[in-house]
Amino acid sequence: MQTLYGLKDAGYEALLVGGSVRDLLLGLNPKDYDVTTDADPEQVQAVFRRCRLIGRRFRLAHVRFGPEIIEVATFRSAPRTPDEEVPDEDAELDDEFDEALEEVDAAPLSNGLDNDHLLHESGRILRDNVYGSMEEDAFRRDFTVNALYYDIRDFAVVDYVGGVADLEAKRLRLIGDPETRYREDPVRMLRAVRFASKLDFVIDPSAAEPIAQLKHLIVDVPPARLFDESLKLFLNAHAEANFDGLRHFGLFDVMFPTVAQALESPRGELAEQIIRLALRSTQNRIKADKPVTPGFLFAAFLWVPVMDLAQRLREEGATPVDALTRAAQDMIAGQVEHVAIPRRFSSMQADIWHMQPRLEFRRGKRPFRMLEHKRFRAAYDFLLLRAQAGDADQDLADWWTRFQEVGQEERQAMADSAPASPGGAPSGRRRRRKRR
């Protein structure tokens, strides 16, 4: 509220907007609060001492009050087509969207507003810094329920697009022509699935029907942005419902093509069960306010494809260790072309996969060394998940559970009496030859 009243006292319009207004009207607790105003970012910065301007494609002001950051956006107008746009001398846009996006983001900011709003010929928005009125701002937002404003001057909800009626009907409806809006930003298809799950809304047929024909546009979205969207889809309390929604519309197949193929393979039932168990585990941890990591979830997504590829490589003559290493590298490299996975998470994936066969070796000092590994807990949780899906021996999972619970002496006794390592020597290690 300090941000709203600070801008109001400085002579500007300032309103709450978007998800915070929507959630308050639904009786939910907003995750954050967004403010919109007729002040441009530089004017906002002049009002607040602790304010930082961010973004090129979409210029924003971040106002800090203690640990809290309030995002302030200036009213925007509708995008223009390239033919209506004044050329930007600072950014030579290529025909390919990804190259154009990189050049636009890297280019210096233009001083003229006319150069800050650009549509690619595919319909994608490249720049979005043309300022307008509050009504224009409402009509350029994505869904009607996200285009509601709360005005502190008269404590009223401002609704230009029928968002209140859609809230009451529990309906998710796009503003404007759905195909045009999806072409402007294909991520809106993913947002439709996520909001429908979160709010328990029905996607309006006008918004649902074009997705089947336009889902291929997700390929044009930068992989780094799709990673961010994946976190919003799967690291929340509605992860499994989002998984079902993405599969229903065919969007999951575009984002995770290798996983989609595995789900249709002879081992598809196992792949789906492991994924669902991982999603439910994530949901439960979030509800219990426990930490979650995408590395574990992506390890579950790709587990069956990785193991199937490793099996083929072993049949071609690779050692088990080499086969698993190559399979892990190939799977991660293939996936990041669609959804980027930062190295800290992809390395966690690989560690979880590599530790699964190592958990079978329980004699001697090996279990003690495993217990000290930084990824042990994640690998152990993954073993429990596999056992629950029937992909690992339940006795093995129970042994590791007990090994963590007992004292040092009993741990030693367990290690001494553990079954012999499968196949004798550990995979990929040579037996020491005896001297003649």
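Our subject is the structure listed above.
Residues numbered from 1 in each chain as written. Predicted model: local features only at pLDDT ≥ 70, side-chain atom pairs only at ≥ 80, totals over all residues. Heavy atoms only, no water.

> What is the right way to look at the sheet that holds strand β8 (residues 148-151) in this model?
In a beta sheet, neighbouring strands are held together by backbone hydrogen bonds and run either parallel or antiparallel to one another. Strand order across the open sheet formed by 7 strands is β3-β4-β5-β2-β1-β8-β9, with mixed pairing between neighbours. The sheet is open, and its two edges are formed by β3 (51-54) and β9 (156-159), each paired on a single side. Going across the sheet, the axis of each strand differs from the next one's by a mean of 35°, ignoring polarity. (Pairing = 2+ DSSP bridges. Helix = DSSP H or I, 4+ residues; strand = E, 2+ residues; numbered from the N terminus. Axes fitted to C-alpha atoms, helices over the stretch in contact; angles between N-to-C directions.)

> What is the right way to look at helix α12 (residues 239-249) in this model?
Since there are 3.6 residues in each turn of an α-helix, residues three or four apart along the chain are aligned in direction. Within α12 the residues assigned to the buried category are A239, E240, N242, F243, G245, L246 and F249. Count one or two residues on from α12 and you reach G250, which has phi positive near 80°. (Buried < 20%, exposed > 50% of the residue type's maximum accessible area, 1.4 Å probe, protein only.)

> Teacher, can you tell me more about the nonpolar core here?
For soluble globular proteins, the rule of thumb is that nonpolar side chains tend to be buried together. V44, F234, L251, F252, F256 and F301 are the most contacted members of the largest nonpolar core, which has 93 residues in total. In this structure, F256 is in contact with S230, F234, F298, F301, Q335 and V339, ignoring residues within four places of it in sequence. Within the second largest apolar cluster, 19 residues are counted, among which are M370, A387, W400 and A415. (Core = buried A, V, L, I, M, F, W, Y, C linked by side-chain atoms within 4.5 Å. Contact = heavy atoms within 4.5 Å.)

> How should I be thinking about the pattern of salt bridges in this particular structure?
Two side chains bearing opposite charge may form a pair once their charged atoms approach each other closely. Applying the stated criterion to the full structure yields 27 salt bridges. In this structure, D23 and K198 form a salt bridge, with 3.6 Å as the shortest nitrogen-oxygen distance. Placement of D23 in helix α2 (residues 19-25) and of K198 in helix α8 (residues 187-199) is noted, with a sequence separation of 175 residues between them. For D23, a relative accessible area of 3% puts it in the buried group. A salt bridge links R375 to D351, with the nearest nitrogen and oxygen atoms 3.1 Å apart. In this pair, R375 sits in the loop between α19 (366-372) and α20 (376-389) while D351 sits in helix α18 (residues 343-358), placing the two residues 24 residues apart along the sequence. Members of the salt-bridge network, linked through shared partners, are E240, D244, R247, E264, E272, R276 and R280. (Salt bridge = Lys/Arg side-chain N within 4 Å of Asp/Glu carboxyl O.)

> Quick question: what am I supposed to make of the packing of aromatic side chains here?
Per the stated rule, a full pass over the model turns up 21 aromatic pairs. With centroids separated by 6.0 Å and ring planes inclined at 15°, the aromatic side chains of F376 and Y380 adopt a geometry described as stacked. In this pair, F376 and Y380 are both assigned in helix α20, 4 residues apart and thus about one turn of the helix distant. Classification of Y380 as buried rests on a relative accessible area of 5%. Taken together, the aromatic side chains of F227, F234, F243, F252, F256, F298, F301 and F345 make up a single cluster linked through ring pairs. The ring centre of F195 lies 5.1 Å from the NZ or CZ of R194, which sits over that ring. For the cation-ring pair, R411 lies above F403, with the distance from its terminal atom to the ring centre recorded as 5.6 Å. (Phe/Tyr/Trp six-rings, centres within 6.5 Å; stacked < 30°, edge-to-face > 60°. Lys NZ or Arg CZ within 6 Å of the ring centre and 35° of its normal.)

> For this particular structure, what's the right way to read the environment of A389?
Considering the arrangement of structural elements, one finds A389 in helix α20. Separated by 117 residues in sequence, A389 and E272 place their C-alpha atoms 9.6 Å apart. Ignoring sequence-local partners within four residues, the contact set of A389 consists of L270, Q273, I274 and L277.

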